[in-house]
Amino acid sequence: SMASPALLMRVVASAYSVAEKAATIVRNVMAAGDLGIVEKTGANDLQTKADRLVQMSICASLARKFPKVTIIGEEELPADEVTEELIEDGHCEEILKKTCPAQYTGIKEEELVIWVDPLDGTKEYTEGLLDHVTVLIGIAYGGKAIAGVINQPYYNYEAGADAALGRTIWGVLGIGAFGFQLTEAPAGKHIIITTRSHSSTLVNDCISALNPDSVIRVGGAGNKIIQLIEGKASAYVFASPGCKKWDTCAPEAILHAVGGKITDIHGNSFQYNKEVKHMNSAGVLATLRNYDYYASRIPNTVKQSLVP
């Protein structure tokens, strides 16, 4: 008889279906018209009914199947009973058919940490910039992001009523990443992608130092990493402390699975063990290719301003 798939592959396969359920919730909340917006720390830090319902759905669905896994979500939520309609029990068969990389076959539930951003790009969601929005489920082991799922609930939403709405991208280190067409940015062009709503002098000084041919300002860390792996941008640069572990875990796993690199502004790797502080206080630098070129051009003034 076939050995049952390794735990990691079962977690990723479930996370895939859980993310698709999450996307349906995100679209349903928007369609119903009452976003239930609350300000957390200010006008750029919002939470909606979608953030709340999606986090409940993801965390409860995964916790039910994998009770010993640590799951850390962005939103502080009361420990309400989760209604059954929020539970997703399915999994993606295609993922279970892939061979688990040897170094991950012995992983136990209690060794995994799942970082969840139920709705990355909340501000953009409330403003109708729907292509910026992603659902992020990142899976870490030994402090490293090793697998991730990114769902774009509104992928294709401008392609007309007949277009299939939404897509799910997934990846595992040692296997690769799937659900999109890997494309490199135009050679010799420096296209910088950065924050839309959290700009500052420091952010802009850092970008200027890189002599960009163009600068793209969009919401969502998940969205920015997708732009890198689809060749729309050559570097994601964010010289500010705003980003959190649940923003970077899933995107990092997918970027690393296709040979890219993400660090803080100093070049330090992010750590994802459950005790780690949530804030990526020294910013973000990410590329699909040519990481060293951009890293070498980050000004010392910027580095000195951002303490890991």
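For every chain, the first residue of its written sequence is number 1, and the numbers climb from 1 along that sequence. Where totals are concerned, whole chains, interfaces and linings use all residues; where local detail is concerned, this predicted model gives features only for residues with pLDDT of at least 70, and gives and counts side-chain atom pairs only at 80 or more. Hydrogens are left out, water is left out, and the side-chain values use all remaining heavy atoms of the structure.

### Looking at the state of the cysteines
Note on terminology: a disulfide is the covalent bond linking the sulfur atoms of two cysteines.
Part 1 of the reasoning: The term disulfide is used for any two cysteine sulfur atoms that are within 2.5 Å. In the structure shown here, the tally under the stated rule is zero disulfides.
Part 2 of the reasoning: Between cysteine 243, a cysteine without a disulfide, and cysteine 249, which holds the nearest cysteine sulfur, the sulfur-to-sulfur distance is 12 Å.

### Here we look at the sheet that holds strand E4 (residues 112-120)
Part 1 of the reasoning: Pairing is mixed in the open sheet, where six strands are placed in the order E3-E4-E5-E6-E7-E8. Of all the strands in the sheet, the pair left with one neighbour each is strand E3 (70-73) and strand E8 (176-178). Looking at each pair of strands side by side, their axes are set apart by 15° on average, direction ignored.
Part 2 of the reasoning: Should DSSP find at least two bridges between two strands, the strands are regarded as paired. Think of it this way: any DSSP run of H or I at least four residues long counts as a helix, any run of E at least two long counts as a strand, and we number them from the N terminus. Across six bridges, the pairing between strand E6 (residues 144-152) and strand E7 (residues 167-172) is antiparallel. Every axis in this analysis is a line fitted to C-alpha atoms, fitted for helices over the stretch in contact. Angles between the N-to-C directions lie between 0 and 180 degrees.

### Focus: the domain arrangement of the protein
Part 1 of the reasoning: When the domains of the protein are assigned, the result is domain 1 (7-178) and domain 2 (191-305).
Part 2 of the reasoning: If you average the C-alpha positions of domain 1 and of domain 2, the two centres end up 21 Å apart.
Part 3 of the reasoning: Of the roughly 2,600 Å² buried between domain 1 and domain 2, counting both surfaces, carbon and sulfur atoms make up 65%.
Part 4 of the reasoning: The salt bridge definition used is simple: a Lys or Arg side-chain nitrogen within 4 Å of an Asp or Glu carboxyl oxygen. Inspection of the region where domain 1 meets domain 2 yields three salt bridges.
Part 5 of the reasoning: Measuring nitrogen to oxygen at the nearest pair gives 2.9 Å for the salt bridge that ties glutamate 230 to arginine 167.
Part 6 of the reasoning: We define a polar contact as two N or O atoms separated by no more than 3.5 Å, with the added condition that, inside protein, one atom must be a possible hydrogen donor and the other a possible acceptor, whereas residues neighbouring each other in sequence contribute only through side-chain atom pairs. Our count for the domain 1 to domain 2 interface comes out at nine residue pairs in polar contact (both at pLDDT 80 or more).
Part 7 of the reasoning: The set of elements that each furnish at least two residues to the side of domain 1 that touches domain 2 consists of E3, E4, helix H4 (122-127), strand E5 (134-141), E6, E7 and E8. Domain segmentation is taken from an automatic or database assignment of domains. Joining two parts hides part of their accessible area as seen by a 1.4 Å probe, and the buried area is that hidden amount summed over both.

### A word on helix H5 (residues 201-209)
Part 1 of the reasoning: Under the scheme applied here, a residue whose accessible area is under 20% of the maximum for its type counts as buried, over 50% as exposed, and between as partly exposed, the area being computed with a 1.4 Å probe on protein chains only. Within H5, burial applies to Val203, Cys206 and Ile207. The arc that holds the buried residues of H5, viewed along the axis, is 100°, so those residues lie on one side. Opposite its buried face, H5 presents the exposed residues Thr201 and Ser208, each directed more than 90 degrees away.
Part 2 of the reasoning: Buried-residue contacts for H5 involve strand E9 (191-195), strand E10 (214-218), strand E11 (235-238) and helix H9 (300-305). By definition, the arc is the one covered by directions from the helix axis to the C-beta atoms. Note on contacts: a residue pair is in contact if any heavy atoms of the two residues lie within 4.5 Å.

### Describing unusual backbone geometry
Part 1 of the reasoning: At asparagine 156, a position not held by glycine, the phi torsion is positive, near 80°.
Part 2 of the reasoning: Counting through the fold element by element, asparagine 156 comes out in the loop between E6 and E7.
Part 3 of the reasoning: One non-glycine residue, asparagine 290, lies in the positive phi region at around 60°.
Part 4 of the reasoning: Topologically, asparagine 290 is positioned in the loop between strand E13 (284-287) and helix H8 (291-295).

### Observations concerning helix H6 (residues 221-229)
Part 1 of the reasoning: Taken across its nine residues, H6 has nine buried, putting it largely inside the fold.
Part 2 of the reasoning: The complete set of buried residues in H6 reads Ala221, Gly222, Asn223, Lys224, Ile225, Ile226, Gln227, Leu228 and Ile229.
Part 3 of the reasoning: Remark: glycine 231 follows H6 within two positions and exhibits a positive phi of approximately 75°.

### Regarding the packing of helix H1 (residues 7-32) against helix H2 (residues 49-65)
Part 1 of the reasoning: For the pair H1 and H2, the least separation of the axes is 9 Å and the interaxial angle reads 160°. In terms of their interaxial angle, H1 and H2 are classed as roughly antiparallel. Note on packing geometry: the crossing formed by H1 with H2 is right-handed. Along the contact surface, H1 presents Ser14, Ala15, Val18, Lys21, Ala22, Ile25, Val26 and Val29, while H2 presents Lys49, Ala50, Leu53, Val54, Ser57, Ile58, Ser61, Leu62 and Lys65.
Part 2 of the reasoning: Residue type decides the class: Asp, Glu, Lys and Arg count as charged, Ala, Val, Leu, Ile, Met, Phe, Trp, Tyr, Cys and Pro as nonpolar, and the leftover types, Gly among them, as polar. For the contact of H1 with H2, a count of residues per class yields eleven nonpolar, three polar and three charged. Oblique is the label for any angle not covered by the other classes, which are roughly parallel (under 35 degrees), roughly antiparallel (over 145) and roughly perpendicular (65 to 115). Crossings are classed by handedness, with left-handed meaning an anticlockwise turn of the near helix from the far one by less than a right angle and right-handed meaning a clockwise turn.

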